[in-house]
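Descriptive structure summary
The chain contents come next:
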Amino acid sequence: MTAVIDVHELTRRFGRFTAVDAISFDVKAGEVFGFLGANGAGKTTAIKMLIGLLVPTSGRASVAGFDVLTRAEDVRRHIGYMSQRFSLYEDLTVRENITLYGGIYGLSDAEIRGRGDALIEGLGLGHASLERVAALPLGWKQKLAFSVALLHRPAVVFLDEPTSGVDPITRRQFWEMIYAAAARGTTVFVTTHYLDEAEYCDRVSIMVDGRIGALGTPDELKREYSDATLEEVFVRLARPAA
Amino acid sequence: MRALRFLLRKEFLQIFRDHVILGMLFVMPLGQLLILANAATFEVRSARLYVVDHDHTPASRGLTDRLAASGRFVLTAASPSSARADQAMLARQTDAILVIPTGFERDLVRQRRAEVQFILNAEDGAAAGVLQSYASRIFAAYSAELSARVTPTLASISARADLPPRRGGPIIEIRRRGWYNPELEYLDFMVPGILVVLVTVVGTLLTAMNIVREKEAGTLDQLNVTPIRRSTFIAAKLIPLWSLALLDLALGLILAHFAFGVPVRGSLGLVFGGAAIYLLAALGVGLWISTIAETQQQAMFVTFSIVMIYLLMSGLFTPVRGMPVWAQWAAQLNPVTHFIRLIRTVLLKGAGPADVAPQLAMLAAIGGVVLTLAVRQYRKRAA
Amino acid sequence: MNTTALAAFMTKEVRHILRDRQTLTILLLLPLAMVVLFGYALRSDVNEVRLALVDPAPDYATAALRGRFAGNDRFRIVATPATTAKLEPLFRRGDVDVAIVFEPGFAARLAEGTSARLLLVGDASDPNTGSTMQAYATAVIAGYQAELGSAGAGVQIVSRTRMRYNPTLESVNLFVPGLIALVLTLVSALMTAISLSREKERGTLEVLLVSPLRPWQIILGKVLPYLLLAFVNVVTALLAAWVVFRVPFRGSLPLLLVASMLYSLVSLALGVLVAAVTTSQRAAMIGALVGTMLPNELLSGMIFPISSMPDWLRPVTAVIPARWFIVIARGIMLKGVGLEYLWRAHLVLLLMLAVFLALAIRSFRPRLA
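Everything numeric in this text was worked out from a predicted model, so none of it was measured.

Quick look at the overall build of chain A now. Helix and strand counts for chain A come out as nine helices and 10 strands. For a compact globule of 242 residues, the expected C-alpha radius of gyration is about 18 Å, and chain A comes in at 18 Å, within 12% of that figure. In terms of its C-alpha atoms, chain A occupies a principal-axis envelope of roughly 50 × 40 × 35 Å. By residue count, 55% of the 242 residues in chain A fall in the buried class. Restricting to contacts in chain A with at least 6 residues of sequence separation, those with at least 24 account for 67%. Carbon and sulfur atoms make up 50% of the accessible area of chain A, which totals about 10300 Å².

Once that is clear, we can look at the side chain of B:Lys380. Inspection of the secondary structure puts B:Lys380 in the segment after helix H14 (353–377). One polar contact links the side chain of B:Lys380 to the main-chain carbonyl oxygen of B:Thr226, over a distance of 2.9 Å. At a separation of 2.4 Å, a polar atom in the side chain of B:Lys380 contacts the main-chain carbonyl oxygen of B:Ile228. Not counting residues up to four positions away in its chain, the partners in contact with B:Lys380 are A:Gly52, A:Leu53, A:Glu73, A:Arg76, B:Leu223, B:Asn224, B:Thr226, B:Pro227, B:Ile228 and B:Arg230.

Residues and elements named next belong to chain C. Summarising burial for strand E1 (residues 49–54): six of the six residues are buried, a large majority. As judged from the four bridges shared by E1 and strand E2 (residues 75–79), these two strands associate in the parallel manner. Each bridged residue has a counterpart across the sheet, and for Ala52 the counterpart in E2 is Ala79. The parallel pair E1 and E2 is bridged by helix H3 (residues 60–71), and the resulting crossover is right-handed. Relative to strand E3 (residues 98–102), E1 is paired through four bridges, and the arrangement is parallel. Bridge pairing in E3 links Val54 to Val101.

Moving on to the interface of chain B and chain A. In this complex, chain B contributes 27 residues to the contact, which on the side of chain A involves 36 residues. Here chain B and chain A share an interface that buries about 2800 Å² over both sides, 55% of which is from carbon and sulfur atoms. Three residues stand out in chain B for area buried against chain A, namely B:Arg17, B:Val225 and B:Arg381, and they jointly supply 27% of the buried area on that side. Linking chain B with chain A are four salt bridges, by the criterion used here. Seen at the junction of chain B and chain A, the total is 17 residue pairs in polar contact (both at pLDDT 80 or more). Among the elements of the structure, helix H1 (2–17), helix H7 (186–217) and helix H8 (219–224) of chain B are those that each provide at least two residues to the side of chain B that touches chain A. Examining the composition of the side of chain B that touches chain A, we find that 10 residues originate from one element, H1(B), more than from any other.

Our next topic: the packing of helix H9 (residues 215–245) of chain C against helix H14 (residues 339–364) of chain C. All names here are of chain C. With their axes 9 Å apart at the nearest point, H9 and H14 run at an angle of 120° to one another. What the angle tells us is that H9 and H14 run oblique. H14 is crossed by H9, and the crossing has right-handed handedness. Only Leu357, Ala360, Ile361 and Phe364 of H14 make contact with H9, whose side of the interface consists of Pro215, Trp216 and Ile219. Grouping the constituent residues of the contact of H9 with H14 by class yields seven nonpolar, no polar and no charged.

On the surface, B:Trp326, C:Tyr40, C:Phe231, C:Val235, C:Leu239, C:Trp242, C:Val243 and C:Val244 cluster together into a nonpolar patch covering about 720 Å² of accessible area. A total of six residues in the nonpolar patch trace back to one element, the largest contributor, which is H9(C). Within the secondary structure layout, C:Trp242 lies in helix H9.

Turning our eyes to something else, we now look at the interface of chain C and chain B. In this complex, chain C contributes 109 residues to the contact, which on the side of chain B involves 107 residues. Both faces considered, chain C and chain B share a buried interface measuring about 10400 Å² in area, 64% of it formed by carbon and sulfur atoms. In this assembly, chain C and chain B are joined by two salt bridges. For the pair chain C and chain B, the interface holds five residue pairs in polar contact (both at pLDDT 80 or more). Top contributing element to the side of chain C that touches chain B by residue count: helix H11 (residues 281–299) of chain C, with 12 residues.

All names here are of chain B. Secondary-structure assignment places Gly31 in helix H2 (residues 19–39). Among the residues examined, Gly31 registers a relative accessible area of 32% and is labelled partly exposed. Residues Gly31 and Gly252, spaced 221 residues apart in sequence, show a C-alpha to C-alpha distance of 9.7 Å.

Our next topic: the arrangement of the chains. Across the two pairs of chains that are in contact, the largest number of contacts falls between chains B and C. Contact between chain A and chain C is absent, and the minimum C-alpha spacing across the pair is 14 Å.

Let us look at the sheet that holds strand E1 (residues 3–14) of chain A. Residues and elements named next belong to chain A. Judged by pairing direction, the sheet is antiparallel, and its four strands sit side by side in the order E2-E1-E4-E5 without closing on themselves. Each having just a single partner strand, strand E2 (17–28) and strand E5 (66–67) make up the two edges of the open sheet. In the sheet, E1 pairs with strand E4 (residues 58–63) via five bridges, with the strands oriented antiparallel. Each residue of the ladder has a partner; that of Val7, found in E4, is Ala61. Contacting E1, E2 and E4, helix H1 (residues 43–51) crosses the sheet at an angle of about 120° to E1.

Moving on to the packing of aromatic side chains. Applying the stated criterion across every chain, the model contains 18 aromatic pairs over all chains. Relative to A:Tyr200, the ring of A:Trp175 lies with its centre 5.4 Å away and its plane at 65°, an arrangement referred to as edge-to-face. One end of the pair, A:Trp175, is in helix H6 (residues 168–183); the other, A:Tyr200, is in the loop between helix H7 (195–198) and strand E9 (203–208), and 25 residues separate them in sequence. Ring geometry for B:Phe118 against B:Phe139: centres 5.7 Å apart, planes inclined by 85°, an arrangement best described as edge-to-face. Remark: B:Phe139 occurs in helix H6 (residues 126–150) and B:Phe118 occurs in strand E4 (residues 113–121); sequence separation between them is 21 residues. Judged by its relative accessible area of 1%, B:Phe118 is buried. Taken together, the ring pairs in this structure connect A:Phe25, A:Phe33, A:Phe35, A:Phe158 and A:Phe189 into an aromatic cluster. The ring of C:Tyr136 carries the charged tip of C:Arg74 above its face, separated from the ring centre by 3.8 Å. The ring of C:Trp324 carries the charged tip of C:Arg323 above its face, separated from the ring centre by 4.6 Å.

Calculation notes
- Numbering of residues begins from 1 in every chain and follows the order in which that chain's sequence is written.
- For this description, chains carry letters from A and ligands carry numbers from 1, given in the order in which they are written.
- Two thresholds apply to this predicted model, a pLDDT of at least 70 for residue-level local features and 80 or more for giving and counting side-chain atom pairs, whereas whole-chain, interface and lining totals are computed over all residues.
- Derived side-chain values reflect all non-hydrogen atoms in the structure, with water molecules and hydrogen atoms excluded from consideration.
- Strands are runs of DSSP state E lasting at least two residues, helices are runs of H or I lasting at least four, and both sets are numbered from the N terminus onward.
- It is over C-alpha atoms that the radius of gyration is taken, and the globule rule equals 2.2 Å times the number of residues to the power 0.38.
- When a residue's accessible area, from a 1.4 Å probe over protein chains only, is under 20% of the maximum for its type it is buried; when over 50% it is exposed; and in between it is partly exposed.
- Contacts are residue-level and defined by heavy atoms, with any inter-residue pair within 4.5 Å sufficient.
- Surface exposure here means Shrake-Rupley accessible area, sampled with a 1.4 Å probe, where a residue is shielded only by the protein chains that are shown.
- Polar contacts, as counted here, are pairs of nitrogen or oxygen atoms within 3.5 Å of one another; within protein the pair requires one atom able to donate a hydrogen and one able to accept it, and residues that are adjacent in sequence qualify only if both atoms are side-chain atoms.
- Here a strand pair is declared whenever DSSP counts at least two bridges between the two strands.
- A clockwise path from the first strand over the helix to the second, with the strands pointing away from the viewer, defines a right-handed crossover.
- Buried area is a sum: the accessible area each of two parts loses on coming together, probed at 1.4 Å, counted once for each and added.
- Here a salt bridge means any side-chain nitrogen of Lys or Arg lying within 4 Å of a carboxyl oxygen belonging to Asp or Glu.
- Note on definitions: angles span 0 to 180 degrees between N-to-C directions of axes, and those axes are lines fitted to C-alpha atoms, for helices only across the stretch in contact.
- Oblique is the label for every angle not falling under 35 degrees (roughly parallel), over 145 degrees (roughly antiparallel), or within 65 to 115 degrees (roughly perpendicular).
- Note: crossing handedness is left-handed where the near helix turns anticlockwise from the far helix by less than a right angle, and right-handed where it turns clockwise.
- Side-chain classes follow a simple rule in which Ala, Val, Leu, Ile, Met, Phe, Trp, Tyr, Cys and Pro form the nonpolar group, Asp, Glu, Lys and Arg form the charged group, and the remainder, Gly included, forms the polar group.
- Residues forming no salt bridge and having over 30% relative accessible area are the ones grouped into patches, like charges within 9 Å of each other and nonpolar side chains (Val, Leu, Ile, Met, Phe, Trp, Tyr) within 5 Å.
- Each pair of aromatic rings taken from Phe, Tyr and Trp, with Trp reduced to its six-membered ring, is defined by centres within 6.5 Å and is described as stacked if the planes are under 30 degrees apart, edge-to-face if over 60, and tilted in the remaining cases.
- Whether a charge sits over a ring comes down to the Lys NZ or Arg CZ being within 6 Å of the ring centre and within 35 degrees of the ring normal.

By themselves, these observations are geometric and do not establish any function.
Structure (structure tokens):
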């Protein structure tokens, strides 16, 4: 399988502080890749470089086959993003947000309508589609944001802590949606603090102090460190740094 | 370009759902125009006069009567004490003091020349100068009247054009015309300017806070990861407020014409054409600030400081030509200066495109520069 | 009373302010910049009158008058069109301020003792400068006439005119008090409104309200640092005005400083009130800004004299705090008077302070109820 995300010695410095220190990894098409790390380990900085919000200091990376430094615009066309902070427009309705992003990504009017309908029905938001997003509870907002990120059927979708603050049932539903997307061939690059969720991923990496401390499938990592759960692996790796 | 359509839709939806913005855009400027248009005048109404007459002769009383009869001065007190008059002025109970010394009439008859003291309260500035010129005219007219009585064969130096010509000395008769504003209506002059000010302040503020607000809300990043072009983004931010500001201006002009009687002697099309370009420049500055500022508070502060400087240096309140040379040069960079000049000359003087071409050119140039800066400054990707 | 809590709160506020370098710089430098800038640039005076002369039949008299104008620094002859019709475009483009059109046979008529006529056309679109410029032109003409007929001239009343408190009619002397008011309003009303509404929006205000701090203590803690800032601003502005422009200072400096602080407090209270009644930071900002600054500039007497306003509007200006401060500031700086004449203005400000504060504190109370 081809690498949809290919990262080689990617580095980002802020003055004398090195937030991301020459990380290298790759993610294959259709994978659900968990990008873990403690707060301040450099995860968000790394993601921002991959999605074109931050210029790398050195190293290279390519997403969906395009170099993030030189072909950023092409990268943007092929990715979806769901940020940690809810970033759809709260003063617009569900339908209006969908229409906006559909249009921005170049979908035709018919596509916008069709996919919009499907999205709304799929989420069970039929009754609320004409309501302002601000009125939705948090869990619904997150699911909506995720769905909108997928609207234009990108090759890769980046999710930054998509389930924080959300109840367990919604979390479960969320992961069902992630699996469904992966099954369709979308690569899912997700960060999370919930390590039980991390067990659902195909592979995970754990960032420690700007470096990749571990990389592999959940089972591989548990075997390597002789821990029963990923949480124990994580704590073992991340603790000396904390 | 299609993306622009969708972005515009979103911007308009957001504006129309936001009562605060709508209130600011329409209620505030128009409401304030109504009040402030009445306030913005240097016209001097009747001034209170305190007379200290030491002479008590027909001549001195005649002078006092002339001043009172002119309608410009209201006799509020008379006393033999200068000290009391001074106190009254300190206590803001009088605006002017006339002191007529003893021997006034005697000097007029014997020496053909007499002095009086005229003291004005210059605390509030401009009024004093205007009062002085009123008074000068009255003194001169009274002088002429007395001259005619004292030496009937001599002509008088006066501004009263209705005096019949007499043999004797030379007379220059001055016919006056005040063009464009014969009634010296302050409203005609100030209202268009105030309207421009109000629309500019509101428009620039709102534009400046716009991008920063998305930054603060977190929705800006979501847009930055999309393939939207920078110019598209800036255009989407500019066009909605620009069109609403233009509408605002139109409403204001209607109000100005029908409520205040401001004349419309030139082409309205020219005014709006100029306004369209002007607003691009003015709002463009707001946008540019928005791309630099980190928080709404910063955006607001910087915008306000700049807008305030604009306004005070634009020739709205004080003439540009009265400013020192360096300030006049700075005023050339100020879009408000050019637009106010344009709107005044078109509305009051009926100026045509050729007459205001320099202003249009400057506005277009400033707008071009500012918008280019805004587009350049806006980076989707942090360095 | 919990003084340590209040002290801790104020310390936090001060740190907050100090940390926002950008805003702080603007707040400190702005008054300085404004005084200097406006002092130099804002003049109501007329420097130069651009003159056009239409002289279809020149003779010695018209030449003499033309010479008078040419030799007068106040005037600059910019055009000599052949006909009156050619004047119109010049005025329209704004190239000419005043035009004089001589009647043919000017000198002849003067000599025979009949009135020689000339037409004085002024651009009156700006009524203020328009009449001033016409007056200058009239003065030159009158001077010439007086010279011609100086033998056996008529009676003359000469007035020695004195402009009290501002003899040279220096515009800057008038603007400085108003500028100080403007700056104080900016710092006080605006900053407080923003600071308070930001806490409201973020939710940190609720945390404060459930703490042992009472509402008035919260308001006090918020307000005092800005009061200090305002004080610094006043001193800076006054120094700049005095050093750069020699603006007179005939009265009591301590009284002016006290009055400035009083005015600041009123503005601060107003800022708190604005924050209390608005629902978002943005609305508070805009409300404080457009609601206080614009009326301040136009209705406070800073630029346009209140005596010029229509009768119905004058009482309205009484509710604008800046108006009273300007009376005080001008009184102290230009007239050198003290409380004996200014007590009423001070009283009004105190009253406004009480009212705004009461309203502000009341609006915060329901939250605890």
